[in-house]
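Below, each chain spelled out in residue letters.
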Amino acid sequence: ALDLGKYLAALLNGGLTESGERLISERSLAKLFTPGRPAALGAWADSQQSSYGLGWFIGGPWRERAILHPGNTPDSSSMFVLLPERGWGVVTLVNAGQEMEIPGNPQAMDLTSRNVVDALLGEPVKQGSLMRFYLVFDMLAIVLLALAVFGVVRAVRAPPPGRGREGPRALAGVALRLVAGAVLLFLPSAGLTYRGAWLWMPDLTIVLISLGALLVAMAAIRFLGWRARSRPSV
């Protein structure tokens, strides 16, 4: 973090280090920070509209102009923020990563980095906690998986439906569970490949695949039970 702070200080100093060594020309530096195509920041920044220069976002979620770049890997996070009017540079490095693509998820690591700048500028610090997020996620995952396992056990023990009015209802239930299971199995690859999902969101991927597999198994057991009951006796 200290070395990166020196790097940001050089960028704020027109490309010169403390010793006077030039890292980048002023002309090239100006190109880096020239607003280009529009870009929206993530939920951590309240989806604030910004512009993208050469590797830098221009404009952030704060009341004054900022130049920034967040970066994430599956197990670490970072953010560089330049506040040119104040001559301040902020770098945060976190040895944790959390990139779950869940609606409303504020991306806790980037939110933590934002909070550092909020505190520095005297702006309200946003609420966000990786521990609280995973507490809710884990409890929800446990409840859903427990219900799915209970459904499979119940399907195994339940007597097969008859051929009367129960038949169409049973088939509708089979179809509904099969479609829901297929959707859950497909979701991890919707935004990424399965390989990417396992890399970036292994926790969410495990839950989705487990739930999907249990629903498909439940549908298969109920369908086999319906077939067994519907078969004419010899």
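Structure first, text after, so check above.
Computed from a predicted structure; not experimentally measured. (Residues numbered from 1 in each chain as written. Predicted model: local features only at pLDDT ≥ 70, side-chain atom pairs only at ≥ 80, totals over all residues. Heavy atoms only, no water.)

Moving on: the nonpolar core. Formed by 15 residues in total, the largest nonpolar core has its most connected members in W44, W62, A66, L68, V81, L83 and V117. Contributing elements (two or more residues each) for this core: β5 (76-83) and α3 (108-121). The next biggest cluster of nonpolar side chains, apart from the first, holds 13 residues, and it includes V152, M201, V207 and L208. (Core = buried A, V, L, I, M, F, W, Y, C linked by side-chain atoms within 4.5 Å. Buried < 20%, exposed > 50% of the residue type's maximum accessible area, 1.4 Å probe, protein only. Helix = DSSP H or I, 4+ residues; strand = E, 2+ residues; numbered from the N terminus.)

In this structure, strand β1 (residues 37-40) lies alongside strand β2 (residues 49-52), joined through four bridges in antiparallel fashion. Note that in β2 the partner of A40 across the bridge is Q49. Where β2 lies against strand β3 (residues 57-58), two bridges are found, and the strand directions are antiparallel. Its bridge partner being in β3, Y52 is matched across the sheet by F57. Counted between consecutive antiparallel strands, the loop separating β2 from β3 contains four residues, among which G55 sits at a positive phi close to 85 degrees. (Pairing = 2+ DSSP bridges.)

Inspection of the secondary structure puts S50 in strand β2. Separated by 2.9 Å, the side chain of S50 and the backbone oxygen of G59 make a polar contact. The contacts of S50, once residues within four sequence positions are left out, are P38, A39, L41, F57, I58 and G59. (Polar contact = N/O pair within 3.5 Å; in protein donor to acceptor, adjacent residues only side chain to side chain. Contact = heavy atoms within 4.5 Å.)

Further remarks concern the environment of Q107. Mapped onto the fold, Q107 is located in the loop between β6 (88-94) and α3. For Q107, a relative accessible area of 18% corresponds to the buried category.

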